[in-house]
Amino acid sequence: MADFLLEIGTEEIPAGMIRGLSEALSRAVSEGLGSLGLEAARQQSFAAPRRIGFLLEGLPERQEDREETVAGPPLSAARDASGAWTKAAEGFARKQGVEVKDLREVAGLKGPCVGFARHIPGRPSAEVLAEIVPRAVDGLHLPKAMRWGEGTEVFVRPVRWVEALLDARDVPL
């Protein structure tokens, strides 16, 4: 298990926005991680006039490996009357990069389909955090946002530093 710390240093944030901004950021990152199978044991947000951030404790080092079922064309279009695979099934297999022999019947939204199970290896937490954190920051509701310098990014006040640590290792965002 690992601990993740994110701190964003800014110019002075209006007092009425500090706590809500920090909690919203912490919640957005936690929910994003949870949707990808990475749940922290404990989360704690913090805020001050010139910084917001949070700490996630007990974060797994990596995602669990998982199996995903990929559904294709309806079974009625994937097999002919004699039970042989049709061009639709062969094209689906080719597009997905699997052999026709790996196809099987799976449940689809509109009935039985042809499909297969794909193994998806888990990714390291640092890699997942590098995707989730910027999306969470971009998704924050900012009643008053500003740009500074020559950049196109916006935030409640100009950002002066960002520190992202997974245990003692920097997480490049």
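For the structure itself, look to the data block above.
What you are looking at is a predicted structure, and each value in this text was computed from that prediction instead of being measured. (Residues numbered from 1 in each chain as written. Predicted model: local features only at pLDDT ≥ 70, side-chain atom pairs only at ≥ 80, totals over all residues. Heavy atoms only, no water.)

Draft legend 1. Region of interest: the overall build of the protein chain. Each helix and strand counted, the protein chain has four helices and eight strands in total. Its helices and strands taken in sequence order, the protein chain reads β-α-β-β-β-α-α-β-β-α-β-β from the N to the C terminus. Taking 173 residues into account, the globule formula puts the C-alpha radius of gyration at 16 Å, and the protein chain, at 23 Å, lies well above it. For the protein chain, the proportion of its 173 residues judged to be buried stands at 34%. Sequence-distant contacts in the protein chain: of pairs separated by 6 or more residues, those separated by 24 or more amount to 65%. (Helix = DSSP H or I, 4+ residues; strand = E, 2+ residues; numbered from the N terminus. Rg over C-alpha atoms; globule rule 2.2 N^0.38 Å. Buried < 20%, exposed > 50% of the residue type's maximum accessible area, 1.4 Å probe, protein only. Contact = heavy atoms within 4.5 Å.)

Draft legend 2. Structural context of the pairing of strand E7 (residues 159-166). Of the strand pairs in this sheet, strand E1 (residues 2-10) and E7 are connected by seven bridges, and their pairing is antiparallel. Looking at the pairing, Leu5 lines up with Leu165 of E7. Strand direction decides the pairing type here: E7 and strand E8 (residues 169-170), joined by two bridges, are antiparallel. Note on E8: the bridge partner recorded for Leu165 is Asp170. Hairpin remark: E7 followed by E8, antiparallel, with two residues in the connecting loop; positive phi at Asp167, about 55°. (Pairing = 2+ DSSP bridges.)

Draft legend 3. Representation of helix H3 (residues 87-96). All buried positions along H3 are accounted for by Ala89, Phe92 and Ala93. Seen along its axis, H3 keeps its buried residues to an arc of 95°; they face one direction. Residues of H3 that are exposed and angled more than 90 degrees away from the buried face: Lys87, Arg94 and Lys95. Those residues of H3 that are buried lie in contact with strand E4 (66-74), helix H2 (75-78) and strand E6 (111-120). One or two positions beyond H3, positive phi appears at Gly97, with a value near 75°. (Arc of directions from axis to C-beta.)

Draft legend 4. Region of the structure containing the side chain of Thr10. Note on placement: Thr10 falls in strand E1. Residue Thr10 is classed as buried on the basis of its relative accessible area of 2%. Beyond its immediate chain neighbours, meaning those up to four positions away, Thr10 contacts Pro49, Arg50, Arg51, Phe155, Arg157, Pro158, Val159 and Arg160.

Draft legend 5. Representation of the nonpolar core in the model. Ranked by size, the top nonpolar core spans 29 residues in total, and within it Phe4, Leu25, Val29, Leu33, Leu129 and Phe155 carry the most contacts. When contributions to this core are tallied by element, the ones reaching two or more residues are E1, helix H1 (15-35), strand E3 (51-59), helix H4 (125-138) and E7. The contacts of Phe4, once residues within four sequence positions are left out, are Phe54, Leu55, Leu56, Leu59, Leu129, Val133, Ala164, Leu165, Leu166 and Val171. Formed by nine residues, the second largest nonpolar core is a distinct cluster that contains Val70, Ala78, Phe92 and Ala93. (Core = buried A, V, L, I, M, F, W, Y, C linked by side-chain atoms within 4.5 Å.)

Draft legend 6. Seen up close, the pattern of salt bridges. Per the stated rule, a full pass over the model turns up eight salt bridges. One salt bridge connects Glu57 with Arg42, and the closest N-O pair in it is separated by 2.5 Å. With Glu57 in strand E3 and Arg42 in strand E2 (residues 42-48), this residue pair connects regions lying 15 residues apart in the sequence. A relative accessible area of 46% means that Arg42 is categorised as partly exposed. (Salt bridge = Lys/Arg side-chain N within 4 Å of Asp/Glu carboxyl O.)

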